[in-house]
Amino acid sequence: MDERGDYLRVNTLIVAGRVAALGLLIATLALFYVYMYLGKKGREVQIRALPAMEAIPEAVGRAAEMGKPLMYTIGIGGGLSDASQGPQILASMSIMGYAARECIRSGVKMDAFIPVADALPLAEETLRTAFLAEGKVEEFSPDIVRFISGQSPYCTAVLGYLQRERPASNLLIGGFYYESVIIAEAGNTIGAIQIGGTNNTHQMPFLIATCDYMLLAEELFAAGAAIGKDPDVLGTIKGEDIMKMVLLVLTGVGFLLGFARVPFLIDILKV
Amino acid sequence: MSTLLKREVVYLITGVVAVTMFIDFFFFPKGWDVASTLQTWAMIIGNIALGLGAVRLLLFYGKQVQKRTVGVWHYSVWLIVYFFICLITGLAGYITLGHQDKNPIYYWNFTNVYTPLGQALYAMTGFYIFSAAYRAFRARNIDAALLLIAGCFTLLTNAPIGEVIWVQIPVIGRWFLDIGQVPGMRTFMIAGAFGLLAYGFRALLGKEKGFYAEVGGQ
Amino acid sequence: MTKQETILDKMQKIDRRILYWVLFIGLMIPFVSPLGLPVAVTPSTVDLYKELTKVKTGEVIIINLAFGVSAWSECLPATVASTKLLFKQGAKIIFLGVHYDVDLTWAKIKDQVPAFKTLTYGKNYVYLGFYTGGEATVARLATSIRTVFPTDADKKSLDEIEMMKNVNVAKDIKLVLSSDTGDWCDYYIRQWRVPYGTPVGEIGIAMLGSSYMPHYQAGILFGMTVGVRGGAELEKLIGELGEATVTMDSINISHVMAIVAIGLANLGYAATVKRGGK
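Residues numbered from 1 in each chain as written. Chains lettered and ligands numbered in written order. Predicted model: local features only at pLDDT ≥ 70, side-chain atom pairs only at ≥ 80, totals over all residues. Heavy atoms only, no water.

Peer 1: Honestly, the overall build of chain B in this entry has me stumped. Any pointers?
Peer 2: For chain B, the helix and strand inventory stands at seven helices and zero strands. Across chain B, helices and strands are ordered from the amino to the carboxyl terminus as α-α-α-α-α-α-α. For chain B, whose C-alpha radius of gyration is 26 Å, the value lies well above the compact-globule estimate of 17 Å for 218 residues. In terms of overall dimensions, chain B has a C-alpha envelope of 65 × 50 × 50 Å along the principal axes. Per-residue burial over chain B gives 36% buried out of 218 residues. Intrachain contacts of chain B at a sequence separation of at least 6 include 26% that bridge at least 24 residues. Total accessible area on chain B is roughly 12000 Å²; 75% of this is exposed by carbon and sulfur atoms. One way to put it: in chain B the 16 positive side-chain charges average out to a point 12 Å from where the 9 negative ones average out. (Helix = DSSP H or I, 4+ residues; strand = E, 2+ residues; numbered from the N terminus. Rg over C-alpha atoms; globule rule 2.2 N^0.38 Å. Buried < 20%, exposed > 50% of the residue type's maximum accessible area, 1.4 Å probe, protein only. Contact = heavy atoms within 4.5 Å. Areas by Shrake-Rupley, 256 points an atom, 1.4 Å probe, with all protein chains shown as cover. Lys, Arg positive; Asp, Glu negative; His and termini not counted. Charge placed at Lys NZ, Arg CZ, Asp CG, Glu CD.)

Below is the structure:
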């Protein structure tokens, strides 16, 4: 029996302290839905180009010219069920599928290092689907996906691979921890073109310093939408931007009210 | 059938779990234990996946040994041998003595081989950051020059020697951290959170390809 | 006709291996001749220290050991210093960890905190062992510790452990100290601090300093230490200098060498640009 009820204030329908959060969440989801609906109805949503996504064909082309493979890795993350790392792994799967299709079309070998055990079947299935989409399912082999458990063994395996195979391009997209700087700098040593992407704020500086292109924070999640350019999918990105404007206004109003020592907004948000 | 399993069943499970967790967090009906049970299941599934990973690892490196892949196969032999040493000694320790660490061979391997290697690799991070900073911190334009200046002050703020060089260095460094970096981090956190929310929404509506092991592109 | 490379051109293309050797040799200097520079204490560490000194005798604290042996140099000193301080305050501590090598970390902490020799297991402290499952497990811990840990690491039922008799949910815990290398503090913030108001403090590696500073400035974390320096600061505050203080010499050398290397590279770059090169 869950004991939270003993001391959470649950006298009302909604748990106390979470009403404002629920309101903001519903408003955000409603905005997403409205813009998705408008997108489906034909209203075009323009998003800026993501240089990192546009660099993927370039990276594949470089690998094709040099006759070298392309390495893709998603970082140690935490697992698919992790609230902050799981979505990064899933977003990375979208990008991996796209990169795989480009590789198959260009005849480039892709080697994927997946250190997260529960993402392994998803990675294999994504790559199998990529081969199927290109009509070359017989060329698919599960050996494209390499699993190494543990952060240090994973780092060592990738470092060894980079030194032996010397891939022309590295894609480091997903939930990274300290292995980001090791793998990316080793990639620089061999002169590979590198595309990074993570939502982990503590690793962004390292990937920015070592990669040629970068997907920062929300760009990682928007990349999947940017691939297909589905109007309804792009609508959610528009909804995100609108919500950010709303937060900006709230922050400004809160600042002014705080300056005037009026706690109204804080009290509302604490409900 | 495979499309049904890959898409519709995944879609259904995702929707049910999302709604359950939503209700649990915001409404918390008394006696509603489903969310807790689902969280426990998530833990168990994640751990079972390790077994799958182990099998894939053995299959891959077994093939390397079989093919005698140049430059790799001898490492693969060692990996497979070491894998089984750890597995057998760990299991022996767990079955006979109640904990894998109680097997002396397993414990010796863990403390004297695996642990120092892990520590050495983490120490390498410092060297890699050093070479990355040397390569990346070039004042190619105004933005890069400002980044360079901020970076130098931050480096010297973190080291006590900064205060010895000039007593104002930590003051300026703290200013860069508190006024420059922290608001920037907040921005990334908020933006990332919205991106995550939008991704989850798209996944729930079946619009996100990676979630269903589908591929985009033309 | 190729241009001859001057020393300034070469300064921006120094081989990595030379850089690594120079850094390695530089890091050996403090072992020969310690610098012993004083460490100024940052406000975040002071706040962590102050909050820990407010802990009363008998109050139960959780220390989450979310760092592996590879991060001992960064997280262990501050964790040891906090443990010493909390035992001095008379607190009862629950240790638990998320890495598979947490037993080694636990053994190291017991080795470095003399108080363990005089305190009683089960009465003053308890070690629950390894847990996995990320944020879901942290959420379960807040509602029922016994669901995640029916026994301690030695398979003894929690109901038989004296200090765990009336301790099972977040409200029974005075505060949580998360010593981690990743997102575990975020999990405790979301699943303990926000819903139940349990104070959370962070002992983190240097990489996490910038990520958790917004939380500290917003008052969500009651305090935090950052990396080796944070450990040295906490050692200074509790008056027992240890490993982190010794390591600060290496930090000094490495940071100065980094500045010198960057300076050389920029000097070379500026000279090349002035000459009309790239």
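Peer 1: Before we go on, may I ask you to explain the sheet that holds strand S5 (residues 193-198) of chain A in this structure?
Peer 2: Paired through their backbone hydrogen bonds, the strands of a sheet run either parallel or antiparallel. All names here are of chain A. Read across the open sheet, the six strands follow the order S3-S2-S1-S4-S5-S6; overall the sheet is parallel. Bordering the open sheet on either side are strand S3 (145-146) and strand S6 (213-216), each of which pairs with just one other strand. Sheet topology note: the S5/S6 ladder contains four bridges and is parallel. Bridge pairing in S6 links glycine 196 to methionine 214. Against the sheet, helix H8 (residues 218-228) contacts strand S4 (169-173), S5 and S6, and its axis sits at roughly 100° relative to S6. (Pairing = 2+ DSSP bridges. Axes fitted to C-alpha atoms, helices over the stretch in contact; angles between N-to-C directions.)

Peer 1: It is not clear to me how the domain arrangement of chain B should be interpreted in this structure. Could you clarify?
Peer 2: When the parts come together, some accessible area is lost, and that loss is often what is quoted as the size of the interface. Splitting chain B by domain gives domain 1 (1-60), domain 2 (68-136) and domain 3 (139-207). Of note, the centres of domain 1 of chain B and domain 2 of chain B, computed from C-alpha atoms alone, are 31 Å apart. (Domains from an automatic or database assignment.)

Peer 1: Sorry, what's going on with the interface of chain C and chain B here?
Peer 2: Opposite the 54 residues of chain C that make contact, chain B presents 48 residues. Both sides of the chain C and chain B interface together cover about 4500 Å² of buried area, and 67% of this is carbon and sulfur. Three residues, Tyr20(C), His255(C) and Ile262(C), lead the burial of chain C against chain B; their summed loss comes to 12% of the area buried on that side. At the junction of chain C with chain B, the criterion picks out zero salt bridges. On the surface where chain C and chain B come into contact, there are 13 residue pairs in polar contact (both at pLDDT 80 or more). If you list the elements that add at least two residues to the side of chain C that touches chain B, you get helix H2 (16-32), helix H4 (72-88), helix H5 (102-112), helix H6 (134-143), helix H9 (209-217) and helix H11 (243-275) of chain C. Tallying contributions element by element places H11(C) first for the side of chain C that touches chain B, with 14 residues. (Buried area = accessible area lost by both parts, 1.4 Å probe. Salt bridge = Lys/Arg side-chain N within 4 Å of Asp/Glu carboxyl O. Polar contact = N/O pair within 3.5 Å; in protein donor to acceptor, adjacent residues only side chain to side chain.)

Peer 1: What's the story with helix H6 (residues 179-189) of chain A in this structure? I'm lost.
Peer 2: Each α-helix turn comprises 3.6 residues. Residues three or four places apart therefore point the same way. All names here are of chain A. Most of H6 sits inside the fold, with 10 of its 11 residues counted as buried. Those residues of H6 that sit buried are Glu179, Ser180, Val181, Ile182, Ile183, Ala184, Glu185, Ala186, Gly187 and Asn188. Phi for glycine 191, located one or two positions after H6, is positive at around 80°.

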